[in-house]
Every structure is written in C-alpha cells, then in structure tokens.
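In case you want the letters, here they are:
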Amino acid sequence: MISTLKLLALTILVGSNTAYWGHTYLAEGNDKIYALRSHKPSSSLCTFDNKVLNGREGVIELASLQVPMTENRTEGKESCHITLLEREAVVSDYTSGTLSLYPLDEKGNVCGDSRVLRFEGSGPHRRQKSPHIHSSALSPDGKTLAVVDLGTDRVYCYAVKGGRVAEKLSTIAVPAGCGPRFSVFSHDGRYLYVLTELSDEVMVFRTSDNALLNRYPLSSENPEGGAHIALSPDGRYLYASLRVSSTAKANQCKVSDGVAIFKCLKNGKLKKAHYLPTGGHPRHFAISKDGKALVVACRDDNMIEIYPLNARSGLPNGEVEKVAVAAPVYVGLR
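The following paragraphs examine the structure supplied in this document. (Residues numbered from 1 in each chain as written. Predicted model: local features only at pLDDT ≥ 70, side-chain atom pairs only at ≥ 80, totals over all residues. Heavy atoms only, no water.)

Re the overall build of the protein chain
Across its full length, the protein chain holds two helices and 27 strands. Computed over C-alpha atoms, the radius of gyration of the protein chain comes to 19 Å, within 12% of the 20 Å expected from 2.2 N^0.38 for 334 residues, which places it in the range of a compact globule. In terms of overall dimensions, the protein chain has a C-alpha envelope of 50 × 50 × 40 Å along the principal axes. Among the 334 residues that make up the protein chain, the fraction classed as buried is 57%. Of the roughly 14300 Å² that the protein chain leaves accessible, carbon and sulfur atoms contribute 47%. Positive and negative side-chain charges in the protein chain, numbering 40 and 34 respectively, have mean positions lying 3 Å apart. (Helix = DSSP H or I, 4+ residues; strand = E, 2+ residues; numbered from the N terminus. Rg over C-alpha atoms; globule rule 2.2 N^0.38 Å. Buried < 20%, exposed > 50% of the residue type's maximum accessible area, 1.4 Å probe, protein only. Areas by Shrake-Rupley, 256 points an atom, 1.4 Å probe, with all protein chains shown as cover. Lys, Arg positive; Asp, Glu negative; His and termini not counted. Charge placed at Lys NZ, Arg CZ, Asp CG, Glu CD.)

Given below as structure tokens:
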C-alpha cells in the first residue's frame, strides 16, 4: 500500500470549481510553475515561482492559493494545454483553434508578446465546426512537436529549432470524425500514439511516413469521452482514460469511467491488458516516476484516486486510496 501522505505531498492539483481557472493545465520547468487562466474573450499564461510551494504538504490546490504570479494575455480562447520548450511555452487554445507561442528568456520568464498560429477546417461530427487545438507533444529527440486538432481530425508536425517552434514539417490525417485530443511519442520516437475523444480510440502512427498502423478502442462502447494518454516511465505500457458522457449515461451505456491499459509491442502494435474502472470523469491522470502508482483526477466525484501498480506488469496491484478534492481536473507528481 502506498502512503497517501507521501504521495500527495508531491502532488499539485488545480480544481475546476472556480470559473477563475476553468479546465486548466499545469507545466513545470525553469524552477517555475505555468498554469492557464481563462477569461472572456481571451486567455492567459500565468507563471508562479516554485518557491510558493516550499514547506507545503498534502494536496496543493494552486487555484485557491493567494500567491504572486505573472500573467500574460493572449487572444486565444479557452486555452487548455501547455508544452514547455527551451525558449517557448506552447499553449493550445481549444475554442479559437489557435496555438499561442510565448517567448521565454533563459530563466523561463515570458519576455515578449506571444505569436499565434492559426488553423482552418472542420470535420463531420457536430463538435467539429471549426479547428479545436487541444494539445501538443514533443518528440524524444526534441526536434518535432505534434499539434493535435480535435476539430479537423489533423495532427500537425512542426520542427523545433533553437528551442522554438519553426516550420511545419507534415500533416497527419486522422480518420474523419474521430476527434484527436492528446498524443504521446513512443520512447524511441518511431511511433506516435494518438488518443481520440469522439471515437474513443488509441491510434498508432509510424513517424517515418505518418502511416496509420493500427486502431485500438478503449472499450466495447463509444461514449465520446477519451480524455488523457500517457506512457509508463519505461515506455512498456500505455494508459488512456475514458469519460462516459451524460448522453451516453442517459442511453444506459454499460461502460464505466476508467483507464484502459495497453502493452506496447516492438512493432508499434498494442495489446489490451486491462480496463480499470475509476471514479467519475477521469479527465487527467499521472504515473509516478517509478511506475508504481497511477493517480487519477476524478472530477465529478470530487476525488483523487491512487492506484498501486505492479511496475513489471503495468497493472493495478493493491487497494485504491481516495482523497477528497473539489472537482480536480489536473494532477501532477513532483
């Protein structure tokens, strides 16, 4: 059994119980914490000095802390994800369908106005009337950034040069209507795993030619709620969370909210290993650095769930621990 106090002393949470932060995301680097704040009609990137957490124990809900921060506005609407590069913070703007790029100095401070990349297009699903940039992922060698567009069924691959986003290299076409949401590169960089929100699948693309190799459903039904994706520290297992929508529940969907666990094979294929039912709306989760804990933010149950994992098998191995937190939407392990 994992010690709750020990684990949560290393955890940062941002709750969605206030309109001030909304469905936000955190990133850490340069001895700083970066968080997203939504406004109408724009958003902003907020920077906190890491020292604000010194001496704090247990659950830290950053949104509720009255601590100094630096705030930088962008014209992007409903920003929802951050990727940190050496000299740039890459922010995905969902509603405006843009990518906001904040320049960073050598200390990680925002040092100028953001530049904005704009996208065009739509998809066949009712939620795909315009671009919806949802996230980005950096390749293991740091040379490629994959930008995921839920609204147009596209993943845009950009070169990274001098720690900043440079020219577009290629475009990956995801099957129409699937709604890609998150992605992660395999540890060797040969494959890109893309999680879809509208079709609830993990898709495997070969990075050498962007070919779609395989598609793996998260469950036996399609509640349109694929949420987050991550690899185990050793790269041998892939985890993807699924939220059952209110519409699916009304239609008596038999699948529960949970996390699908896959084994990653050498040829890029995945093998379904387990489906772990969790609390309501597992929007985000994190895996400990030793691969021995899966920590899930269950928004609708106002709960953080901590599952011990067998690092060898990647599977749950022990009794779940639960900690009450108001509507958590992000969990980070430090």
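Some remarks on the sheet that holds strand 22 (residues 270-277)
Spatial strand order, 19-20-21-22: four strands in an open sheet with antiparallel pairing. Across the chains shown, the open sheet's two edge strands, defined by having one partner strand only, are strand 19 (226-231) and strand 22. Neighbour to neighbour, the strand axes of the sheet diverge by 20° on average, direction disregarded. Pairing geometry for strand 19 and strand 20 (residues 237-242), over four bridges, is antiparallel. Directly across from Ala-230, in strand 20, lies its bridge partner Tyr-239. (Pairing = 2+ DSSP bridges. Axes fitted to C-alpha atoms, helices over the stretch in contact; angles between N-to-C directions.)

Digging into the side chain of His-228
Within the element layout of this structure, His-228 appears in strand 19. With a relative accessible area of 6%, His-228 lands in the buried category. Look past the residues within four positions of His-228 in its chain and what remains in contact with it is Phe-182, Leu-195, Tyr-239, Ala-240, Ser-241, Arg-283, His-284 and Phe-285. (Contact = heavy atoms within 4.5 Å.)

Some words on the environment of Pro-277
You can see Pro-277 is positioned in strand 22. Sequence separation between Pro-277 and Leu-242 is 35 residues; the distance between their C-alpha atoms is 9.4 Å. When near neighbours in sequence (up to four residues on either side) are disregarded, Pro-277 contacts Ser-256, Asp-257, Gly-258 and Tyr-307.

Overview of the environment of Gly-225
With respect to the secondary-structure elements, Gly-225 resides in the loop between strand 18 (211-217) and strand 19. Setting aside its immediate chain neighbours within four residues, Gly-225 contacts Glu-197, Asp-200, Ser-241, Leu-242 and Arg-243.

What to know about the sheet that holds strand 6 (residues 70-74)
Taken in spatial order, the four strands line up as 2-3-4-6 in an open sheet, and their pairing is antiparallel. The sheet is open, and its two edges are formed by strand 2 (26-29) and strand 6, each paired on a single side. On average, each strand axis in the sheet is inclined to that of its neighbour by 25°, with strand direction left out of account. As paired elements, strand 3 (residues 32-38) and strand 4 (residues 43-49) share seven bridges and run antiparallel to each other. Looking at the pairing, Ser-38 lines up with Ser-43 of strand 4.

A closer look at the nonpolar core
In a soluble, globular protein the nonpolar side chains are often hidden away together inside. In this structure, Leu-45, Tyr-193, Val-202 and Leu-238 are the most contacted members of the largest nonpolar core, which totals 44 residues. For this core, the leading source of residues is strand 3, giving four residues. Setting aside residues no more than four positions away along its own chain, Leu-238 makes contact with Val-184, Tyr-193, Val-202, Ile-229, Ala-230, Leu-231, Ala-260, Ile-261, Phe-262 and Cys-264. (Core = buried A, V, L, I, M, F, W, Y, C linked by side-chain atoms within 4.5 Å.)

Thoughts on the pairing of strand 21 (residues 258-264)
Across the seven residues that make up strand 21, a large majority, six, are buried. Sheet topology note: the strand 21/strand 22 ladder contains seven bridges and is antiparallel. Paired with Ala-260 across the bridge in strand 22 is Tyr-275. Between the end of strand 21 and the start of strand 22, which pair antiparallel, lie five residues, with Gly-268 showing a positive phi angle near 95°.

Describing the pattern of salt bridges
Inspection of the entire model under this criterion finds 14 salt bridges. Here Glu-197 makes a salt bridge to Arg-243, at a shortest N to O gap of 3.3 Å. One end of the pair, Glu-197, is in the loop between strand 16 (191-196) and strand 17 (201-206); the other, Arg-243, is in the loop between strand 20 and helix 2 (246-250), with 46 residues separating them in the sequence. Classification of Glu-197 as buried rests on a relative accessible area of 5%. Owing to a relative accessible area of 7%, Arg-243 belongs among the buried residues under this scheme. With a closest N to O distance of 3.9 Å, Glu-305 and Lys-322 form a salt bridge. (Salt bridge = Lys/Arg side-chain N within 4 Å of Asp/Glu carboxyl O.)

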